[in-house]
Amino acid sequence: MTRNRTFPALFLAFLTLGTVRVQSQNAANYDEAKVPRFTLPEVLTCQDGTMVTTRRQWEKKRRPEVLRLISEQEYGVTPDEKVKTTYEVLATDPQALGGKATSQQVMFTFSGQGREVKALLAAYVPNNRKGRVPVFIEYNFQGNHNVLEGQDLMRSPAFTRPLHPHDPLPRWAEGGHVAPWPLEQIIDRGYALVTMCFEDIYPDYPEGEPLGVTALFPETGDAGSRWQAIGAWAWGSSRIADWVVRQPWANRKQLAIAGLSRLGKAALWAGAQDERFQVVISNESGCGGAALSKRAYGETVAFITKTFPHWFCRNFSQYANNEQAMPFDQHMLTALVAPRHLYVASAEEDNWADQKGEYLSAYYASPVYALYGLKGLSSPEMPAVNQPVMTERVAYHIRSGSHNQLPYDWSCYLDFCDKAFGRQ
Ligand code: GCU
């Protein structure tokens, strides 16, 4: 098979790229004393200098302003146009997980501009349910069949593509670096789980654009603010939500979205734009996700925009080695989730993602929660390792160990969702 024949070359390329990445990680700043002095833009001060003091001002004036700024300067503008979407149920198993769940595999076909993109969704719904259930939505890195161990699932369409010659890193080719998900625990706690491979929506390499969903839209607007992969992944999450809210088993007011790493960046951006996501969870999303860019600690804008030129819009690169010129920072992204529920999580060994920067962006969203009479994080000091803080709307934890999404993280998220959805 092609995959086997190309594997040695790819593996070598992977090692080389891995070495470059490790070197860059080693060269990054991990010294708090070297974090530059910075001033964060005030989330409640409008561009014309007006101070926001009411919810109405936030919702009508400042929130749209922040959303526009982050669209145009960071992730790119999500088009308003709709593309044609059809759904085909390919398989249903009413006795999945030893009878605990009903599973469905549904092929989404998006079409536009004479092209089609196919994406395979897998859903698990608890059989032991009274009425509609809350739904946990998360992309997987390595295909539905890889992340849900022991389940007999079809391969996501991304797997039918040849591996890209310059990029050994369709994430699924790396082999299980992401922990499998605790499906049974999720079902036992009464949640449905819905997942899709992110590469079905937009292949994760610079030349992947023609195969992703952005190619289904007419190219309009300014090239600097054109959306790319993260924008596309966020858009795809909303399309998953479109399907979920039509299901007879789904509680449409109880949708949680989560993501790990680059998919945590996409989950935050999806949660910022689409208010149907009632709980928004960033699992170690780091630079361009929850972490404050102006701290330039760990991964920087310069590194991320150079290494992953296909993630953000081009305008974001102007802040490479120039973070202090940014008229926004990631606390303004987290603030867009308010007054809904926000969970930011870090890992103790993951200083590439800048744990403190992740914490602080959740903390600095507090003024917006306060407008709604709600408590965000109240202290600028991070909690101790494995000691989650959960206020009524904002939660944070730093887990021991390295970059991943482990059963510990999952159980914290489910606890927070239980609180958010009044299930305790
Ligand atoms: C790299 C990248 C991060 C990203 C991570 C991931 O480490 O530098 O920004 O979050 O990959 O998605 O796994």
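Summarised in this report is the structure supplied together with it. The shown structure was predicted, so the numbers you read here are calculated from the model rather than taken from an experiment. (Residues numbered from 1 in each chain as written. Predicted model: local features only at pLDDT ≥ 70, side-chain atom pairs only at ≥ 80, totals over all residues. Heavy atoms only, no water.)

Below, the discussion takes up the site of the ligand. For the ligand, the set of nearby residues contains eleven residues, the closest of which are S261, R262, K265, E299 and W352. Contact between the ligand and K265: an oxygen atom at 2.8 Å from a side-chain N or O atom of the residue. Its free accessible area being 320 Å², the ligand has 93% of it covered by the protein chains. For the shell around the ligand, the residue count by class is four nonpolar, two polar and five charged. (Near = heavy atom within 4 Å. Polar contact = N/O pair within 3.5 Å; in protein donor to acceptor, adjacent residues only side chain to side chain. Areas by Shrake-Rupley, 256 points an atom, 1.4 Å probe, with all protein chains shown as cover. Nonpolar A, V, L, I, M, F, W, Y, C, P; charged D, E, K, R; others polar.)

Turning to the pattern of salt bridges, a few remarks are in order. Side chains carrying opposite charge are able to pair once their charged atoms draw close together. Within this structure, the stated rule accounts for 17 salt bridges. In this structure, R399 engages D409 in a salt bridge whose closest nitrogen and oxygen atoms are separated by 2.7 Å. Placement of the pair is R399 in strand β10 (residues 394-399) and D409 in helix α13 (residues 407-420), with a sequence separation of ten residues. D409 sits in the buried class, given a relative accessible area of 0%. Each of E32, R295, D354 and K356 takes part in salt bridges that share partners, so that together they form one network. (Salt bridge = Lys/Arg side-chain N within 4 Å of Asp/Glu carboxyl O. Helix = DSSP H or I, 4+ residues; strand = E, 2+ residues; numbered from the N terminus. Buried < 20%, exposed > 50% of the residue type's maximum accessible area, 1.4 Å probe, protein only.)

This part covers the packing of helix α7 (residues 229-244) against helix α8 (residues 262-273). The axes of two packed helices give the description: the angle between them and the distance between them. Orientation of α7 relative to α8, taken along the N-to-C sense of each, is 60°, at an axis distance of 8 Å. When the axis of α7 is compared with that of α8, the two are oblique. By crossing handedness, the relation of α7 to α8 is classed as right-handed. Contacts from I230, G231, W233, A234 and S237 of α7 reach α8 at R262, L263, K265, A266, W269, A270 and Q273. Along the lines of polarity and charge, the residues of the contact of α7 with α8 split into seven nonpolar, three polar and two charged. (Axes fitted to C-alpha atoms, helices over the stretch in contact; angles between N-to-C directions. Parallel < 35°, antiparallel > 145°, perpendicular 65-115°, else oblique. Left-handed = near helix turned anticlockwise from the far one by under 90°. Contact = heavy atoms within 4.5 Å.)

Another point: the nonpolar core. Generally speaking, nonpolar side chains in soluble globular proteins are found buried as a group. In terms of nonpolar packing, the biggest core is built from 100 residues, with W58, F110 and W233 touching the most fellow members. The biggest single contributor to this core is α7, with ten residues. Sequence-distant contacts of W58, defined by excluding residues within four places in its chain, comprise V43, L44, V52, R63, P64, A335, L336, A338, V368, L371 and Y372. (Core = buried A, V, L, I, M, F, W, Y, C linked by side-chain atoms within 4.5 Å.)

The subject of this paragraph is the side chain of Q151. Within the secondary structure, Q151 is located in the loop between α4 (144-147) and α5 (183-188). In this structure Q151 comes out as buried when scored by relative accessible area, which is 18%. Beyond its immediate stretch of four places on either side in the chain, Q151 contacts L97, Y124 and L183.

A regular strand carries its side chains on alternate faces of the sheet. Taken across its seven residues, strand β7 (residues 277-283) has six buried, putting it largely inside the fold. Summarising the sheet, strand β6 (residues 250-260) and β7 pair through six bridges and their orientation is parallel. In the strand pairing of β7, L260 is matched with N283. Between β6 and its parallel partner β7, the chain crosses via α8, and the hand of that crossover is right-handed. (Pairing = 2+ DSSP bridges. Right-handed = clockwise from strand over helix to strand, strands pointing away.)

With the rule as written, the count across this model stands at 25 aromatic pairs. Aromatic side chains Y75 and F312 sit 5.9 Å apart centroid to centroid with 25° between the ring planes, which places their arrangement in the stacked category. You can see Y75 sitting in helix α2 (residues 55-75) and its partner F312 sitting in the loop between α9 (301-307) and α10 (330-335), a full 237 residues away along the chain. Judged by its relative accessible area of 2%, F312 is buried. (Phe/Tyr/Trp six-rings, centres within 6.5 Å; stacked < 30°, edge-to-face > 60°.)

To continue, consider the sheet that holds strand β4 (residues 133-140). Adjacent strands of a sheet pair through backbone hydrogen bonds, lying either parallel or antiparallel. The ten strands are arranged β1-β2-β3-β5-β4-β6-β7-β8-β10-β9 in an open sheet whose pairing can be described as mixed. With one partner strand each, in any of the chains shown, β1 (84-95) and β9 (389-390) form the two edges of the open sheet. Looking at chain direction, strand β2 (residues 101-112) and strand β3 (residues 115-126) are connected through twelve bridges and run antiparallel. Residue pairing for β3: Q105 is matched across the bridge by A122. Docked against the sheet, α8 engages β4, β6, β7 and β8 (341-347), running at close to 145° with respect to β6. Where α13 meets the sheet, its contacts fall on β4, β5 (192-197), β6, β7, β8, β9 and β10, and the angle it forms with β10 comes to roughly 165°.

This brings us to α2. In a regular helix each residue adds 1.5 Å, so 21 residues correspond to 30 Å; α2 covers only 26 Å between its end C-alpha atoms and thus falls short of that length. For α2, the principal kink sits at R62 and spans about 40°; a proline, P64, occurs within the next four residues. Listed in full, the buried residues belonging to α2 are W58, R62, R63, E65, V66, L69, I70, S71, Q73, E74 and Y75. Each element contacted by the buried residues of α2 is listed here: α7, α8, α10 and α12 (366-371). Once α2 finishes, G76 follows within two positions and takes phi at roughly 95°, a positive value. (Expected span 1.5 Å × (residues − 1). Bend = angle between axes of the 7 residues up to and from the residue.)

A few words on the side chain of N144. The topology assignment puts N144 in helix α4. According to the relative accessible area criterion, N144 is buried, its value standing at 0%. Of note is the side chain of N144, whose polar atom sits 3.0 Å from the backbone oxygen of L120.

A few words now on unusual backbone geometry. One can expect most non-glycine residues to show negative phi and most peptide bonds to be in trans. Cis geometry marks the peptide bond from A338 to P339; its omega dihedral reads 0°. For P339, the location among the structural elements is in the loop between α10 and β8. Phi is positive for L97, which is not a glycine, with a value near 50°. Note that L97 resides in helix α3 (residues 96-99).

Turning to the packing of α2 against α8, a few remarks are in order. In contact at an axis separation of 11 Å, α2 and α8 are set at 145° when each is read in the N-to-C sense. Crossing of α2 against α8: the hand is left-handed. Judged by residue contacts, R63, L67, I70, S71 and Y75 of α2 engage W269, A272 and Q273 from α8. Residues belonging to the contact of α2 with α8 are distributed by class as follows: five nonpolar, two polar and one charged.

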